[in-house]
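Listed here are the chains, written in short residue letters.
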Amino acid sequence: MKKLFFALTVLCTVLAGCTAQGSLEQRLADAVASGKYMFGHQDDLMYGHSWNGNTEVDHNFTKSDVFETLGEYPAILGLDLGGIELGSPCNLDGNDFALMREAAQKHYKRGGIVTLSWHARNPLTGGDAWDVSSDEVVESILPGGEVNEKFTQWLDAVANYIASLEIPVIFRPWHEHTGSWFWWGTGLCTPDQYNELWAMTYDYLTEEKGLTDIVWAISPGASFSEFEAWEDRYPGDSYVDIIGLDCYSPNVPADSLWVPANEAFITEMHYCLGAIERMGREHGKMIAVTETGLETLGYPNWWTEVLQPAIDGFPIAYVLVWRNANEADKPNHYYVPVSDGPAADDFRKFAESEQTMFLSRNKLN
Ligand code: BMA
């Protein structure tokens, strides 16, 4: 009887969750079907340009640079797991993992969606994610490899943290693998090794740890000339739900160079989004812009004159811009304008446009 009662309670909770928000994948698909895309911001509730929620803790997570300018939160909150593999209390950008969990849950309760990336350290050399001094790292992780056991413990740490969130998430590991700046990048392992790394991560989390409430996103980095060649570094349709794209707008040394630089970005986006749109159609996958932005927003009308022409018209579920580093930690490293900054008005225009979805009653729910 007790068991039956428990099973009924679980069923009701699951059903209530589904009717309140729908499945994560469905919500993303609904955005695409409506011809809109959700807006995301990395670390939005954790810190901003001139505040740090890790030191001035507010368990209600009211602060956000996006909210400060728009009066609404981003629909998608990006967070990074880098550091969890070492058992560190904070991630690579200084976020307290316990607080990050609270932020993720708060965002989900508000009706938002959480996406997790993982700048994993280098398990072979002891360096960071950007340590590309050895091209044997992926090989050494795979079954039979030198650090396979150690890496399995790292996966354990990731799985335990994701399980502890108790919410569905988009997980986006091994990103920008078409470049060679991370140890899992294209020059550092063979396509088979990359695909095995992905499959191993997927199998461990889903089969071994039972984490089935994850939407899996793969994010090649844009590279105009050889973008379509990346398809061999794709683990297969049963391992992927979203095909994403990481592509940043370049900064320029002189104002006269904005026009060609912005045009080049738009051209690159069109080319790469065209390729993943085709691939998404062929493989039955959703697409998204999983990372973008113009660091410091030196071109104030970037939102409506550059980003929108670059992405509008493509069936993307969301677009996420990178983090607003705290000025004291990493100066001039921000992607969302401060509320009185020169790019704030254009950001408001972007938010008010028909296509964009933020976390407010009338636009997301
Ligand atoms: C990079 C920069 C770094 C940061 C890393 C992981 O693009 O923002 O400062 O450590 O992402 O978040």
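Residues numbered from 1 in each chain as written. Predicted model: local features only at pLDDT ≥ 70, side-chain atom pairs only at ≥ 80, totals over all residues. Heavy atoms only, no water.

**Student:** What's the story with the packing of helix α6 (residues 148-165) against helix α7 (residues 191-208) in this structure? I'm lost.
**Tutor:** The relative placement of two packed helices comes down to the angle between their axes together with the axis-to-axis distance. In contact at an axis separation of 10 Å, α6 and α7 are set at 50 degrees when each is read in the N-to-C sense. Overall, the two elements α6 and α7 adopt an arrangement that is oblique. For the crossing formed where α6 meets α7, the hand is right-handed. Contacts from N148, F151, T152, L155, D156, V158, A159 and I162 of α6 reach α7 at L197, M200, T201, Y204 and L205. Of the residues contributing to the contact of α6 with α7, the split by class is nine nonpolar, three polar and one charged. (Axes fitted to C-alpha atoms, helices over the stretch in contact; angles between N-to-C directions. Helix = DSSP H or I, 4+ residues; strand = E, 2+ residues; numbered from the N terminus. Parallel < 35°, antiparallel > 145°, perpendicular 65-115°, else oblique. Left-handed = near helix turned anticlockwise from the far one by under 90°. Contact = heavy atoms within 4.5 Å. Nonpolar A, V, L, I, M, F, W, Y, C, P; charged D, E, K, R; others polar.)

**Student:** In this structure, what is going on with the pairing of strand β1 (residues 37-42)? I would like to understand it.
**Tutor:** Looking along a regular strand, one sees side chains alternate from face to face of the sheet. Judged by how many residues are buried, β1 sits mostly within the fold: six of six residues are covered. Note: β1 against strand β12 (residues 356-359), two bridges, orientation parallel. Looking across to β12, one finds that Y37 is bridged to T356. Summarising the sheet, β1 and strand β11 (residues 316-321) pair through four bridges and their orientation is parallel. Bridging across to β11, M38 finds its partner in Y318. Pairing between β1 and strand β5 (residues 76-80): three bridges, direction parallel. When the bridges of β5 are listed, H41 appears paired with L77. (Buried < 20%, exposed > 50% of the residue type's maximum accessible area, 1.4 Å probe, protein only. Pairing = 2+ DSSP bridges.)

**Student:** What exactly am I supposed to notice about the environment of R110 here?
**Tutor:** Mapping R110 onto the fold places it in the loop between α4 (97-109) and β6 (113-117). Separated by 249 residues in sequence, R110 and L359 have C-alpha atoms that sit 7.7 Å apart. Every residue in contact with R110, bar those within four places of it in the chain, is listed here: L45, N60, F61, T62, Y73 and L359. At a separation of 2.9 Å, a polar atom in the side chain of R110 contacts the main-chain carbonyl oxygen of N60. Polar contacts involving the side chain of R110 include one to the main-chain carbonyl oxygen of F61, which spans 2.7 Å. (Polar contact = N/O pair within 3.5 Å; in protein donor to acceptor, adjacent residues only side chain to side chain.)

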